[in-house]
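Descriptive structure summary
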Amino acid sequence: MASTYAGALVAVRDVESLRRRIQAWRREGRSVALVPTMGALHKGHMTLMDRAQKMADRVVATIFVNPKQFGPKEDFTAYPRREHDDFEMLNTGGVHLLFAPDVAAMYPNGFATGVSVAGISEQLDGAHRPGHFDGVATVVTKLLLQVLPDIALFGEKDYQQLMVIRRLVSDLNIPVDIIGVPTVRETDGLAMSSRNAYLTPEERAQAPALYKIITTAAAAIAAGGDIAQATMAARADLLAAGFASVDYVEVRHGETLAPLTVRVTPARLLAAAHMGRTRLIDNVAI
Ligand code: PAF
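What this report covers is the structure whose coordinates are included nearby.

Analysis parameters
- Residues numbered from 1 in each chain as written.
- Predicted model: local features only at pLDDT ≥ 70, side-chain atom pairs only at ≥ 80, totals over all residues.
- Heavy atoms only, no water.
- Pairing = 2+ DSSP bridges.
- Helix = DSSP H or I, 4+ residues; strand = E, 2+ residues; numbered from the N terminus.
- Axes fitted to C-alpha atoms, helices over the stretch in contact; angles between N-to-C directions.
- Contact = heavy atoms within 4.5 Å.
- Buried < 20%, exposed > 50% of the residue type's maximum accessible area, 1.4 Å probe, protein only.
- Parallel < 35°, antiparallel > 145°, perpendicular 65-115°, else oblique.
- Left-handed = near helix turned anticlockwise from the far one by under 90°.
- Nonpolar A, V, L, I, M, F, W, Y, C, P; charged D, E, K, R; others polar.
- Near = heavy atom within 4 Å.
- Polar contact = N/O pair within 3.5 Å; in protein donor to acceptor, adjacent residues only side chain to side chain.
- Areas by Shrake-Rupley, 256 points an atom, 1.4 Å probe, with all protein chains shown as cover.
- 1 Å grid on protein atoms, 1.4 Å probe; cavity = no way out; pocket = protein on both sides within 12 Å on 5 of 7 lines; lining within 4 Å.
- Points joined across faces, edges and corners; volume = space filled by probe spheres on them.
- Core = buried A, V, L, I, M, F, W, Y, C linked by side-chain atoms within 4.5 Å.

Details of the sheet that holds strand 9 (residues 267-275)
One open sheet holds the three strands; their spatial order is 8-9-10, and the pairing between them is antiparallel. Taken across any chain shown, the strands that pair with only one partner, and hence form the sheet edges, are strand 8 (245-253) and strand 10 (278-285). Shown here is a sheet whose adjacent strand axes are inclined to one another by a mean of 10°, direction ignored. Alignment of strand 9 against strand 10, held across eight bridges, turns out to be antiparallel. From the neighbouring strand, Leu269 faces strand 10, where its bridge partner is Val284. Its contacts with the sheet place helix 10 (residues 227-240) against strand 8 and strand 9, and it is angled at close to 155° to strand 8.

Here we look at the pairing of strand 8
For strand 8, a buried count of seven out of nine residues is recorded, marking the element as mostly surrounded by other parts of the structure. Alignment of strand 8 against strand 9, held across eight bridges, turns out to be antiparallel. Each bridged residue has a counterpart across the sheet, and for Ser245 the counterpart in strand 9 is His274.

Some remarks on the packing of helix 9 (residues 209-222) against helix 10
A pair of packed helices is characterised by two quantities: the angle between their axes and the separation of those axes. Closest axis-to-axis distance for the helix 9/helix 10 pair is 9 Å, and the angle between their directions is 165°. Judged by the inter-axis angle, helix 9 sits roughly antiparallel to helix 10. Seen along the crossing, helix 9 lies across helix 10 with a hand that is right-handed. Contact with helix 9, carried on its side by Leu210, Ile213, Ala217 and Ile221, involves Ile227, Ala230, Ala234, Asp237 and Leu238 of helix 10 and no other residues of that element. Of the residues belonging to the contact of helix 9 with helix 10, the class tally is eight nonpolar, no polar and one charged.

Describing the site of the ligand
In the vicinity of the ligand, the contacting residues are Pro36, Thr37, Met38, Gln69, Val139, Phe154, Asp158 and Gln161. Contact between the ligand and Gln69: an oxygen atom at 2.6 Å from a side-chain N or O atom of the residue. Here Gln161 contributes a side-chain N or O atom positioned 2.7 Å from an oxygen atom of the ligand. Alone, the ligand offers 290 Å² of accessible surface; in the complex the protein occludes 89% of this. Of the residues that constitute the shell around the ligand, the class distribution is four nonpolar, three polar and one charged.

Notes on the layout of surface pockets
The space that makes up the second largest pocket amounts to roughly 220 Å³. What lines the second largest pocket is a set of 16 residues, and nearest its centre among them are Ile63, Phe64, Val65, Arg81 and Glu83. Among the residues forming the lining of the second largest pocket, the class breakdown is nine nonpolar, one polar and six charged.

Observations regarding the nonpolar core
Counting residues in each nonpolar core, the largest one holds 42 residues, and the members touching the most others are Leu18, Ile22, Val60, Leu97, Leu144, Val169 and Ile178. Of all the elements in the fold, those that place two or more residues in this core are strand 2 (10-12), helix 1 (15-27), strand 3 (32-37), strand 5 (97-99), helix 6 (132-147), strand 6 (151-155), helix 7 (159-171) and strand 9. Among the elements that make up this core, the one with the highest residue count is helix 6 (eight residues). One finds Ala217, Ile227, Leu260 and Ala271 within the second-largest nonpolar core, a separate group that totals 26 residues.

Brief notes about unusual backbone geometry
Following Thr265, the chain continues into Pro266 via a peptide bond in cis, with omega recorded as 0°. In this fold, Pro266 is placed in the loop between strand 8 and strand 9. Positive phi is not limited to glycine here, since Leu124 has a value of about 45°. Structurally, Leu124 can be placed in the loop between helix 4 (103-106) and helix 5 (125-128). Assessed through its relative accessible area of 5%, Leu124 is described here as buried. The phi angle at Leu257 is positive, at roughly 65°, despite the residue not being glycine.

Keep in mind these numbers describe shape, not what the thing actually does.
Next comes the structure, spelled out in structure tokens:
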């Protein structure tokens, strides 16, 4: 199925139509960028689209709320779905092709294959969301093989996801450049995320504390402060700022995500904490 709306953007829902359009571009010698998303698009996503347009002749966005990356008690059903608004944003943003498959097209009956990236997937978010990165790795591998882009862009907001994807692309020799794009923030510092829509007005007012607290901790470590002390203080500050619980505040190697007790370059401070029923994650370079 292919449908054309107001602008130049074309939407397809099956792999055959997707491939046909991309092959036509390839015959014209065009380069292709892929921006995978789960929809409910915001300015952060559109920054990825803008960057993709600067780096390639044609941009393919995907919208697929991937059931395999949600745990049984997570928000798969509640996850915001706004396909019409998303289409308008992509169309206005000059994206060329939208691939929006349904679950049956992505995982037909009998689907039996999974991609699992050992080690790097099992810590931080992986420890708190078992199976999450297997779901991400499986769907991203499929999307990369369906589109076969020259480049694929992902936000640094999901920093561990970006490192997992870099690892799988390298391990499986998938011929694509993975581009990490810095986190886009609201004016008060809160990292843009589709899940921010879950926050009540009161929680929304408290949520920017996450960025402020990890920025302060990162600055203390950069100035020579002790990592264990700075991360412990950040945990306490998060609870004092209204977060119900803290999953982790950790300093890790910026590429391997190996735990660090002394600062090296590159290093990254990553945190996850619960504001009401919303789990927020963020990270900053040290
Ligand atoms: O970051 C996301 O939105 C998702 O994890 C991704 C990369 C689109 C895979 O479903």
